[in-house]
Structure formats: C-alpha cells, structure tokens
Amino acid sequence: MLLEQEIRVGKLTVSNRLVMPPMQTNKTNGGRVTDALVEYYRDRALGSRPGIIITEHSFIMPSGRANERQLSIASDDMIAGHKRLTDAIREGGCTAFAQLNHAGSNGVGEPVSASGVNIPTKKLQKRPRELTVDEIVSIEDAFATAAERAVKAGYDGVELHCAHAYLLNQFYSPLTNKRRDAYGGTLENRLRFLIETVARVRQAIGPDVPLAVRLGGADYLPRGSKEEDAVKAAVILENADVDLLDISGGMCFYMRPGHAEPGFFSSMTEKIKAKTHIPVLLTGGVKTVDEARKLLEEEKADLIGVGRALLKDANWAVGVFTKQE
Ligand SMILES: Cc1cc2nc3c(=O)[nH]c(=O)nc-3n(C[C@H](O)[C@H](O)[C@H](O)COP(=O)(O)O)c2cc1C
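Now for a quick tour of the structure.

What counts, and at which threshold
Residues numbered from 1 in each chain as written. Predicted model: local features only at pLDDT ≥ 70, side-chain atom pairs only at ≥ 80, totals over all residues. Helix = DSSP H or I, 4+ residues; strand = E, 2+ residues; numbered from the N terminus. Rg over C-alpha atoms; globule rule 2.2 N^0.38 Å. Buried ≥ 20, exposed ≤ 12 C-beta atoms within 10 Å, placed from the backbone. Contact = placed C-beta atoms within 7 Å. Near = placed C-beta within 6 Å. Nonpolar A, V, L, I, M, F, W, Y, C, P; charged D, E, K, R; others polar. Core = buried A, V, L, I, M, F, W, Y, C linked by C-beta atoms within 7 Å. Axes fitted to C-alpha atoms, helices over the stretch in contact; angles between N-to-C directions. Left-handed = near helix turned anticlockwise from the far one by under 90°. Expected span 1.5 Å × (residues − 1). Arc of directions from axis to C-beta. Parallel < 35°, antiparallel > 145°, perpendicular 65-115°, else oblique. Pairing = 2+ DSSP bridges. Right-handed = clockwise from strand over helix to strand, strands pointing away.

**With respect to the overall build of the protein chain**
Then, number 1: In terms of helices and strands, the protein chain carries 10 helices and 13 strands.
Then, number 2: Expected size for 325 residues packed as a compact globule is a radius of gyration near 20 Å; at 18 Å, the protein chain falls within 12% of this value.
Then, number 3: Structurally, the protein chain occupies a C-alpha span of about 60 × 45 × 40 Å along its principal axes.
Then, number 4: Counting the 325 residues in the protein chain, one finds 52% classified as buried.
Then, number 5: Sequence-distant contacts in the protein chain: of pairs separated by 6 or more residues, those separated by 24 or more amount to 72%.

So this is what it looks like as structure tokens:
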C-alpha cells in the first residue's frame, strides 16, 4: 500500500492515506470557531493535503464538555462556524470529519460515568455519579443531533470519540465500568452504549455519510481492556455498520506506556486489520513521511495518522501529494 493511494471509506473516496487526527488547539472563543482556528486548518490542508482531516473533539452537549476552550457542536448556532472549517479544509482537496465527544467524568460538567469509579490515570477527581439508563438514551440522542449538525456544516463524515478516558471509553473499559445492568459486565454489554449511539447516529446521518469510531482499544494497565478486546470490539463495530476504525489508547490516553516507536499501537491495528474488512487507521509516534510509508508497506493499517508533527509543522508533508509551487 502506498501513502499516495486513494481509499474508500464507506461511500467516500479519500485521495490519500495520510490523516490529520483530532487535536484540540485551544483556539476557540468559548467553544466558537475563530479566524485563528480556520487559518490553522486551512494551513494544514493546503500545506500537507492529508486525505482526511478530523477536526478536534467537539462537545455534543454542555454537560459533556471537556474544558472551557473545547470546540462546541452543542447547538445549531455553531453550524456556521463549522462550515467555515469544512470550507477551509476543502481548499486543500481534503475530506473533513467531525469528532463528537461527551467527556463524562473527564470534563468540567457534573462528573458522570458508567460507574462511580474514578479514571485510574487521572488525579484529583471528584467521584462520578453513575448514569441512569434514561440519561444514557438522552446522550445518544445528543450524539445524533450533533451528527446532524456536522453534516449540515459540510463535514464528509463523523467520528465518535470512544478513547482517551472520555465517556464512551469509560463504558468500554472494565477499569471504569462496574455496572451490573445491560451496559456493564461482558464486552458486548460494555459496548452497548457505543453501539446504540452508532445506530442512532447512522439513522440521523443516513447511509451515505461515513461513520468512524475512535476506539481506545487497550488500556495497557492491569485488569484494563486488552488488544484482544479491541479485536472483538472492532468486529462488532464493523457489523454495526461503522465505516472506519480509528485506533488509539484508552485509559493511557493517546500514549502507550513504555513505547515511543513509530506507530506504537501497530501491534493492535495489525490484529484488527486481520479480522475486519473496513479501513483501519493507526496513529501515534510517526514523525517522518518514510515512517508512515513503512507502516503501510508492512500492512500495519490502511491509513496513518500524524498528529503532533502536523501540529508543529503545517507543511510536514509538503509536495508529497501534489507538486506545490
Ligand atoms: C495537543 C493535542 C490535542 C489532542 N486532542 C485530541 C482530540 O481532540 N481528540 C482525540 O481523539 N485525540 C486528541 N489527541 C491525540 C491525537 O489525535 C493523537 O492520537 C496523538 O497525538 C498521537 O499521535 P502523534 O504521535 O502523531 O502525535 C490530541 C493530542 C495532542 C498532542
């Protein structure tokens, strides 16, 4: 597989295999899109022309906000700002995905989670309150409404954030999910909230808009989720009509303890790729274009995400996909 090769994600054709993964920039004004934010995305779209730019996580409802500077997609008056982002991203010929998030106990709202259990890797937290089933259903509705807004704003696809110790990930991880009802216990039960959300979002966006899930597949902590769980979850997600598996870490956030090599989640994506038929995106530790190429050649994944390197340098992949003046 070549970095320059196009790829189908659901019904969407993506022009190359480089992805700019979601990264919060702190450039919003109280959650609203600013000129600086539009410029930031335009610079990366024109400078590096990744096939997909996934914009930074957006909160779907005020109670699910991660922090004060996080981008909002929680009300209809945010649509116009997001439209400016998708227009800027399209200037580089890139496709745009919106990442939708509820922070759960990892935010500034009332801490709620799968169970009354703190995130093991986060200090100084108030113990969260366990969500009721009615609340779960209303959060699923908020994800669906936010996804509709994303489509109205011109995004080509939407991504659900089930990684990095946020709410959907708190349900997936056995470290934070101790529920005894249908949303806890077995892997299938711990995935129920996510799978129901996938179904609600699919209903809202229709069959043609690609739906991605960022799965914090493994916690890499004692008694946490394991790569083998991620493989089973990936199969369940594929069967639930998900179009793209964006693989990252869970309670260890986006890092893998003891690993800094290019593609430090590749042992997980390789196993997932072997058991699924939809595109798998690998992100983490890639610093050079050659490293991205090598991971694709070795079939560790179908797409490669490059985060911090693109954050630092908008022209990280200058000239790779088109001859630039
Ligand atoms: C400043 C910063 C903000 C981030 N914000 C998000 C985010 O909004 N959503 C998300 O899923 N991951 C987020 N991440 C994780 C990145 O998407 C990516 O997985 C991580 O940086 C590892 O890739 P890299 O080694 O290429 O940087 C963020 C990372 C950084 C450095």
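**Examining the site of the ligand**
Then, number 1: The local shell around the ligand holds 20 residues, among which Pro21, Pro22, His57, Gly307 and Arg308 are the closest.
Then, number 2: Split into classes, the residues belonging to the shell around the ligand amount to seven nonpolar, 10 polar and three charged.

**Some words on the environment of Met78**
Then, number 1: Along the chain, Met78 falls in the loop between β5 (71-72) and α2 (79-90).
Then, number 2: For Met78, a count of 21 C-beta atoms within 10 Å puts it in the buried group.
Then, number 3: In this structure, the C-alpha to C-alpha distance between Met78 and Gly104, residues 26 residues apart in sequence, is 21 Å.
Then, number 4: Not counting the four nearest positions on each side in its chain, Met78 is found in contact with Arg32, Ser72, Ile73 and Arg149.

**What about the nonpolar core?**
Nonpolar side chains in soluble globular proteins generally cluster together in the buried interior.
Then, number 1: The biggest cluster of nonpolar side chains holds 95 residues, and the ones touching the most others in it are Val158, Leu245, Ile247 and Ile304.
Then, number 2: Aside from chain neighbours lying at most four places away, what touches Leu245 is Val213, Leu215, Ala234, Leu237, Ile272, Thr276, Ile278, Val280 and Leu281.

**Section: the packing of helix α3 (residues 133-152) against helix α6 (residues 192-205)**
Then, number 1: With their axes 8 Å apart at the nearest point, α3 and α6 run at an angle of 35 degrees to one another. The hand of the α3/α6 crossing is right-handed. Residues Ile136, Glu140, Asp141, Phe143, Ala144, Ala147, Glu148 and Val151 of α3 pack against Phe193, Glu196, Thr197, Arg200, Val201, Gln203, Ala204 and Ile205 of α6.

**A few points about helix α7 (residues 227-239)**
Then, number 1: With 13 residues, α7 extends 19 Å between its outermost C-alpha atoms, agreeing within 8% with the 18 Å of an ideal straight helix rising 1.5 Å per residue.
Then, number 2: For α7, the complete set of buried residues consists of Asp229, Ala230, Ala233, Ala234 and Leu237. Taken down its axis, α7 places every buried residue within 140 degrees of arc, on the same side.
Then, number 3: On its buried side, α7 packs onto α5 (187-190), β10 (211-218), β11 (244-249) and α8 (266-275).
Then, number 4: Looking one or two residues past α7, Asp241 carries a phi angle of roughly 80 degrees, positive in sign.

**A look at the packing of helix α1 (residues 35-48) against α2**
Then, number 1: Closest axis-to-axis distance for the α1/α2 pair is 8 Å, and the angle between their directions is 20 degrees. As far as their axial angle goes, α2 and α1 are roughly parallel. Handedness of the crossing formed by α1 with α2: right-handed. Each of Leu37, Val38, Tyr41, Arg42 and Ala45 in α1 lies in contact with α2, whose residues at this interface are Arg84, Leu85, Ala88 and Ile89.
Then, number 2: Looking at side-chain class alone, the contact of α1 with α2 contains seven nonpolar, no polar and two charged residues.

**Points about the pairing of strand β12 (residues 280-283)**
Then, number 1: Residues Val280 and Leu282 line one face of β12 and the alternating positions Leu281 and Thr283 line the opposite face, and both faces are buried.
Then, number 2: Alignment of β11 against β12, held across three bridges, turns out to be parallel. What sits directly across from Ile247, in β12, is Leu282.
Then, number 3: Each parallel crossover has a hand, and for β11 linked through α8 to β12 it is right-handed.
Then, number 4: Pairing of β12 with strand β13 (residues 303-305) involves three bridges; the strand directions are parallel. When the sheet's bridge partners are listed, Thr283 is paired in β13 with Gly305.
Then, number 5: The handedness of the β12 to β13 crossover, carried by helix α9 (residues 289-297), is right-handed.

**Considerations on α2**
Then, number 1: Taking 1.5 Å of rise per residue, the 12 residues of α2 would be expected to cover 16 Å, and the 16 Å separating its terminal C-alpha atoms lies within 8% of that figure.
Then, number 2: Residues Gly81, His82, Leu85, Thr86, Ala88 and Ile89 constitute the buried set of α2. Buried residues of α2, seen end-on, are gathered within an arc of 160 degrees and therefore sit on one face of the element.
Then, number 3: Buried positions along α2 lie against α1, β4 (52-59), β6 (95-101) and α3.

**Some words on unusual backbone geometry**
Then, number 1: One non-glycine residue, Tyr220, lies in positive phi territory at about 50 degrees.
Then, number 2: Along the polypeptide, Tyr220 turns up in the loop between β10 and α7.
Then, number 3: Judged by C-beta crowding, with 20 C-beta atoms within 10 Å, Tyr220 ranks as buried.
Then, number 4: For Glu299, which is not glycine, the phi torsion reads 55 degrees and is therefore positive.
Then, number 5: By C-beta crowding, Glu299 is classed as partly exposed, having 14 other C-beta atoms within 10 Å.

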